[in-house]
Amino acid sequence: MQNIIHESLSRQDKALCLLRDLLEEEYSSLLSRDTDTVVSLEFSIQELIRHLAVEKTFVIKLLGGMRVAEYAGVLPEDLGAAMLATLRSIDTSEQSVARQASRNTTLSLALLDQSSRTLQALTSQAMPPKAETYGRRGGMRTQHPQAALISGRL
């Protein structure tokens, strides 16, 4: 059983390293605004996260709710030390993945905000001005004259 758990933990560690690499690649694609690459990477990232969740659930069920660190304490010293080293590596990788995911989120939200503002600016330029009053020739006048005397009317 300890080999099965150790192999699962090893797969989780390798998957987290791959996830970090994919997130870094996604970040560079976001910087270059390559949307096709970002979309394909996002699908790969989601699938990898799904596989990680399956591996974690498998270990939890196999240990019957016992923590891996507790289980490693029960094992002989050399096997327990190897399992704890893998567990520390997983923790380090998870933290690295979380930091990179946070950077990606910040960048994607900034790009969304920039695109929204650009779209609003273009829309406001394309929209016709509001016509609130009628002019003397029957058409809509967009601005009120400043003074009636200066424009020649009394």
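Structure: above.
Everything in this summary refers to the structure shown in the same document. One numbering rule holds for all chains: residues counted from 1, following each sequence as written. Given that this is a predicted model, residues contribute local features only at a pLDDT of at least 70 and side-chain atom pairs are listed and counted only at 80 or more, while totals for whole chains, interfaces and linings are drawn from all residues. Side-chain calculation: all heavy atoms of the structure are included, whereas hydrogens and water are not.

### Some thoughts on the nonpolar core
Definition in use: Among the buried residues, those of types Ala, Val, Leu, Ile, Met, Phe, Trp, Tyr and Cys that are joined through side-chain atoms within 4.5 Å form a nonpolar core. Only protein chains enter the accessibility calculation, which uses a 1.4 Å probe; a residue whose area is less than 20% of its type maximum is buried, one above 50% is exposed, and one in between is partly exposed. Helix and strand definitions here come from DSSP, where helices need a minimum of 4 consecutive H or I residues and strands a minimum of 2 consecutive E residues; each element is numbered from the N-terminal end. Here a residue-residue contact requires only that any non-hydrogen atoms of the pair lie within 4.5 Å.
Formed by 20 residues in total, the largest nonpolar core has its most connected members in Ile5, Leu19 and Met83. Taken together, the elements giving at least two residues each to this core come down to helix 1 (2–31), helix 2 (35–63), helix 3 (68–74) and helix 4 (77–126). Top element by residues in this core is helix 1. It accounts for seven residues. Excluding anything up to four places from it in sequence, Ile5 contacts Val59, Leu62, Leu63, Tyr71 and Met83.

### Some remarks on the packing of helix 1 against helix 4
The following threshold applies: Axes here refer to lines fitted to C-alpha atoms; in helices the fit is confined to the stretch in contact. Angles between the N-to-C directions go from 0 to 180 degrees. An angle below 35 degrees is read as roughly parallel, one above 145 as roughly antiparallel, one from 65 to 115 as roughly perpendicular, and any other as oblique. A clockwise turn of the near helix away from the far one marks a right-handed crossing, whereas an anticlockwise turn of less than a right angle marks a left-handed crossing. Residues are sorted three ways: Asp, Glu, Lys and Arg are charged, Ala, Val, Leu, Ile, Met, Phe, Trp, Tyr, Cys and Pro are nonpolar, and all the rest, Gly among them, are polar.
Where helix 1 meets helix 4, the closest approach of the two axes is 9 Å, and the angle between their N-to-C directions is 20°. By the criterion of interaxial angle, the relationship of helix 1 to helix 4 is roughly parallel. For the pair helix 1 and helix 4, the crossing hand works out as left-handed. Counted by class, the contact of helix 1 with helix 4 contains 17 nonpolar, eleven polar and six charged residues.

### Observations concerning the environment of Ser108
Within the secondary structure, Ser108 sits in helix 4. The sequence separation of Ser108 and Tyr27 amounts to 81 residues, and the corresponding C-alpha distance is 8.8 Å.

### Here we look at the pattern of salt bridges
Here is the rule: One side-chain nitrogen of Lys or Arg within 4 Å of one carboxyl oxygen of Asp or Glu is enough to make a salt bridge.
Scanning the model with the defined rule gives four salt bridges in all. In this structure, Glu55 engages Arg11 in a salt bridge whose closest nitrogen and oxygen atoms are separated by 3.0 Å. Taken together, the positions of Glu55 in helix 2 and Arg11 in helix 1 put the pair 44 residues apart, joining distant regions of the chain. Judged by relative accessible area, which is 19%, Glu55 ranks as buried. On the accessibility criterion, Arg11 (41% relative accessible area) is partly exposed.

### Some words on helix 2
Counted only if it meets this: To estimate how far a helix should reach, multiply one less than its number of residues by 1.5 Å.
Counted at 1.5 Å a residue, the expected span for helix 2 with its 29 residues is 42 Å, and the 42 Å between its end C-alpha atoms agrees. Within helix 2, burial applies to Val38, Leu41, Ile45, Leu48, Leu52, Glu55, Val59 and Leu63. Considering only its buried residues, helix 2 is in contact with helix 1 and helix 3. Of the residues trailing helix 2, Gly64 is marked for its positive phi of about 65°.

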